[in-house]
Amino acid sequence: DVKVTQSSRYLVKRTGEKVFLECVQDMDHENMFWYRQDPGLGLRLIYFSYDVKMKEKGDIPEGYSVSREKKERFSLILESASTNQTSMYLCASSLDPGRGEAFFGQGTRLTVV
Amino acid sequence: AQRVTQPEKLLSVFKGAPVELKCNYSYSGSPELFWYVQYSRQRLQLLLRHISRESIKGFTADLNKGETSFHLKKPFAQEEDSAMYYCALREYGNKLVFGAGTILRVKS
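Now for a description of the structure that goes with this document. One numbering rule holds for all chains: residues counted from 1, following each sequence as written. Just so you know, chain letters begin at A and ligand numbers begin at 1, following the order they were written in. Whole-chain, interface and lining totals are the exception, using all residues; otherwise, since this is a predicted model, local features are given only for residues with pLDDT of at least 70 and side-chain atom pairs are given and counted only at 80 or more. Hydrogen atoms and water are omitted, and side-chain values are computed over all heavy atoms in the structure.

### What about the interface of chain A and chain B?
Then, number 1: Facing 25 residues of chain A, the contacting portion of chain B comprises 21 residues.
Then, number 2: Here's the idea: put two parts together, see how much 1.4 Å probe accessible area each one loses, and the total over both is what we call buried area. In total, about 1,900 Å² of surface goes out of reach between chain A and chain B, with carbon and sulfur atoms giving 50% of it.
Then, number 3: Think of a salt bridge as a Lys or Arg side-chain nitrogen and an Asp or Glu carboxyl oxygen that are within 4 Å of each other. Inspection of the chain A/chain B interface yields three salt bridges.
Then, number 4: Salt-bridge contacts for R3 of chain B lead to D59 of chain A; the nearest nitrogen and oxygen are separated by 3.1 Å.
Then, number 5: Whenever two N or O atoms come within 3.5 Å, that pair is a polar contact, provided that in protein one can donate a hydrogen and the other can accept it, and provided that, for residues adjacent in sequence, both atoms are side-chain atoms. Our enumeration of links across chain A and chain B arrives at nine residue pairs in polar contact (both at pLDDT 80 or more).
Then, number 6: Only β4 (31-38), β5 (42-51) and β6 (54-57) of chain A provide two or more residues apiece to the side of chain A that touches chain B.
Then, number 7: Each helix corresponds to a stretch of at least 4 residues labelled H or I by DSSP, and each strand to a stretch of at least 2 residues labelled E; elements are numbered beginning at the N terminus. At five residues, the largest contribution of residues to the side of chain A that touches chain B is made by β5 of chain A.
Then, number 8: Partitioned by chemical class, the residues of the side of chain A that touches chain B number eleven nonpolar, nine polar and five charged. Note on definitions: a residue-residue contact is assigned when non-hydrogen atoms from the two residues lie within 4.5 Å. Any residue that is not Ala, Val, Leu, Ile, Met, Phe, Trp, Tyr, Cys, Pro, Asp, Glu, Lys or Arg is counted as polar, Gly included; the first ten are nonpolar and the last four charged.

Shown next, in the form of structure tokens:
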């Protein structure tokens, strides 16, 4: 059973703080993704990675960066948190892009105050 | 520009009624489309993919390239179908993009 684990379910951070969201998968998947989920906007892709140290911007990368030093771990970094980054963040991984099945973590609800 | 459009934010039907969740896409290549579902307090998970032409939990979806649509259908809704449904498109490489989602409420 594929496991995608996000380090925190809930986080509260202050404006201007540097925030790290961690995601780990245990199935040796090449592809990993970070999305934010907002009501009425659906899932919007922030960044994705198709291999270690490889990354590509998604649709809304501004204010975010990522790190993939090991295959199983994909970190999302908010360089200087702002209130408009309050959201639910979802991490996902997939093995075979042709199959398209992405496995999701449980989500991290981030509140920036 | 939005590549995946789900025009309905909320669809409310009675138990036993037919369901159709709409999805339209915009993609110049050969599209690969999927439906994902998120039940209350559960993770987002794959429901079905167009390439396998399968029926999952009574749901089917047919890719219509002429209308650029991939609508999700079920002939008889059940209460346990109540959830958030997302249509997704695989773009070049491994990029997976989603629509805004539709909440399905099945009333008894």
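### Section: the sheet that holds strand β8 (residues 72-74) of chain B
Residue and element names in this part refer to chain B.
Then, number 1: Strand pairing is assigned whenever DSSP identifies at least 2 bridges connecting the two strands. In spatial order, the strands read β3-β8-β7; together these three strands make up an open sheet with antiparallel pairing. The open sheet has two free edges, formed respectively by β3 (19-21) and β7 (60-61), since each of these has just one partner strand.
Then, number 2: Two elements, β3 and β8, share three bridges in a ladder whose sense is antiparallel. In the strand pairing of β8, E20 is matched with K73.

### Here we look at the state of the cysteines
Here, the word disulfide means a covalent bond between the sulfur atoms of two cysteines.
Then, number 1: Note on terminology: disulfide denotes any pair of cysteine sulfur atoms within 2.5 Å. Taken as a whole, this structure holds two disulfides over all chains when the rule is applied.
Then, number 2: Each sulfur of the disulfide joining C23 of chain A and C91 of chain A lies 1.9 Å from the other. Of note, the bridge from C23 of chain A to C91 of chain A carries an S-S torsion of about -80° and is left-handed in sense. Pair noted here: C23 of chain A is in strand β3 (residues 19-25) and C91 of chain A is in strand β9 (residues 87-94), with a separation of 68 residues, a long-range link. Just as C23 of chain A is buried, C91 of chain A falls in that class too.
Then, number 3: One disulfide bridge connects C23 of chain B with C87 of chain B, the sulfur atoms lying 2.0 Å from each other. The S-S bond linking C23 of chain B to C87 of chain B shows a torsion near -65°; that makes this disulfide left-handed. Of this pair, C23 of chain B sits in the loop between β3 and β4 (24-25) while C87 of chain B sits in strand β9 (residues 83-90), and the two are 64 residues apart along the sequence. For every residue, the accessible area obtained with a 1.4 Å probe (protein chains only) is divided by the maximum for its type, and the residue is called buried under 20%, exposed over 50%, and partly exposed between those limits.

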